[in-house]
Amino acid sequence: GMVLPEMAPTPATIDLPTDGILYDEAAIYAATERCRMGYSGAFRLAGSARVCGDVTITELVAQPADLGFFTDVQVLDPPSYDASFHAIFLGIAQQPGQVVGELPVRIERLSLFRSGTPVHRAVTRLVRQAADARVFDITLLSAEGEVVCEGRGVVMRRIVRAAWRG
């Protein structure tokens, strides 16, 4: 792909639903562990999430102060982008004798509006679902609620493995 300057006007903010079910960090990461997708350290940034139907609003915690090798300001912080999807694991049902998870395999469009701006909130919206994949749109927001980045057509492919029996 190519990285080009964004020609569309920068969206100011987005409207967020106010209802839904609230999950804490422990519930989010218990869901990722059930999918055998363990996260720790700088990648464990989902502090809480509110699930409102097809919309999940994830509040991200601040980055740890010492990131070692990763101290430069990023165009878009990779751990924040990754953690923005952790709460969608809450919606994955496990099957007897199997471990079901999802991995990102495609992003149709990624638009960056505020380079280097820390991400504090992520809004994922389920736009399509099939037996083997779910497709999301995602909006990453600053602490002030400004749109930092938008991802459209993020395909999360379903992966199924035999459950380990021990």
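My aim in this report is to walk through the structure given alongside it, one point at a time. Here the residue numbers are simple positions, counted from 1 along each chain's written sequence. Per-residue local features of the predicted model are confined to residues with pLDDT of at least 70, and side-chain atom pairs are confined, for both listing and counting, to 80 or more; whole-chain, interface and lining totals are unaffected and use all residues. Here the side-chain values reflect all heavy atoms present in the structure, with hydrogen atoms and water set aside.

## Some details on the overall build of the protein
Here is the rule we go by: A run of DSSP states H or I qualifies as a helix once it reaches four residues; a run of E qualifies as a strand once it reaches two. Both are numbered from the N-terminal end. The classification of residues rests on relative accessible area computed with a 1.4 Å probe and restricted to protein chains. Under 20% of the type maximum is buried, over 50% is exposed, and intermediate values are partly exposed. Note on contacts: a residue pair qualifies if any of its non-hydrogen atoms lie within 4.5 Å across the two residues. The Shrake-Rupley method, run with a 1.4 Å probe, gives the accessible areas here. Residue values count only the displayed protein chains as cover.
Tallying secondary structure elements over the protein gives two helices and seven strands in all. Reading the protein from its N terminus to its C terminus gives the helix and strand order β-α-β-β-α-β-β-β-β. By the burial criterion, 36% of the 166 residues in the protein qualify as buried. Nonlocal contacts in the protein, meaning residues at least 24 apart in sequence, comprise 66% of its contacts between residues at least 6 apart. Looking at the protein as shown, the accessible area adds up to about 9,500 Å², and 55% of this sits on carbon and sulfur atoms.

## A short note on helix 1 (residues 25–34)
This is how the line gets drawn: Each C-beta atom gives one direction from the helix axis, and the arc is the one those directions make.
Of the positions making up helix 1, those classed as buried are Ile-28, Tyr-29, Ala-31 and Thr-32. The arc that holds every buried residue of helix 1, seen down its axis, measures 150°, which confines them to one face. Looking at the buried side of helix 1, the elements it contacts are strand 1 (21–24), strand 2 (46–52) and helix 2 (78–83). Positive backbone phi, at 60°, marks Arg-36, one or two positions downstream of helix 1.

## Quick notes on the sheet that holds strand 6 (residues 133–141)
This is how it is decided: Only strands joined by at least two bridges in the DSSP assignment are considered to pair. All axes here are fitted lines through C-alpha atoms, helices being fitted over the stretch that makes contact, and every angle between N-to-C directions spans 0 to 180 degrees.
Overall, antiparallel pairing links the seven strands, which are arranged 1-2-3-5-6-7-4 in an open sheet. Looking at the sheet topology across the chains shown, the edges are occupied by strand 1 and strand 4 (98–112). When the angles between neighbouring strand axes are averaged without regard to direction, this sheet yields 25°. Across eight bridges, the pairing between strand 6 and strand 7 (residues 147–162) is antiparallel.

## What about the environment of Arg-134?
Threshold: Under the rule applied, a polar contact is a pair of N or O atoms within 3.5 Å (in protein, one hydrogen donor and one hydrogen acceptor; residues adjacent in sequence only if both atoms are side-chain atoms).
Relative to the assigned elements, Arg-134 resides in strand 6. Those residues in contact with Arg-134 that lie beyond four places of it in its chain are Ile-88, Gly-91, Ile-92, Glu-102, Leu-126, Arg-128, Gln-129, Val-154, Val-155 and Met-156. A distance of 2.7 Å separates the side chain of Arg-134 from the side chain of Glu-102, its partner in a polar contact.

## Considerations on the nonpolar core
Operational definition: Here, nonpolar core refers to any group of buried Ala, Val, Leu, Ile, Met, Phe, Trp, Tyr and Cys residues whose side-chain atoms link them within 4.5 Å.
In this structure, Leu-76, Phe-89 and Leu-140 are the most contacted members of the largest nonpolar core, which totals 29 residues. Secondary structure elements with two or more residues in this core: helix 1, strand 2, helix 2, strand 5 (121–129), strand 6 and strand 7. Looking at this core, the element that brings in the most residues is strand 7, giving four residues. With sequence-adjacent residues up to four places away left out, Leu-140 is seen in contact with Leu-76, Tyr-81, Ser-84, Val-119, Arg-121, Ala-122, Glu-146, Val-147, Val-148 and Cys-149. Counting residues in hydrophobic clusters, the runner-up holds six residues, among them Val-55, Ile-57, Phe-113 and Val-123.

## Quick word on the environment of Ile-21
Of note, Ile-21 is situated in strand 1. Discounting residues that sit within four places of it in the chain, Ile-21 has contacts with Ala-49, Arg-50 and Val-51.

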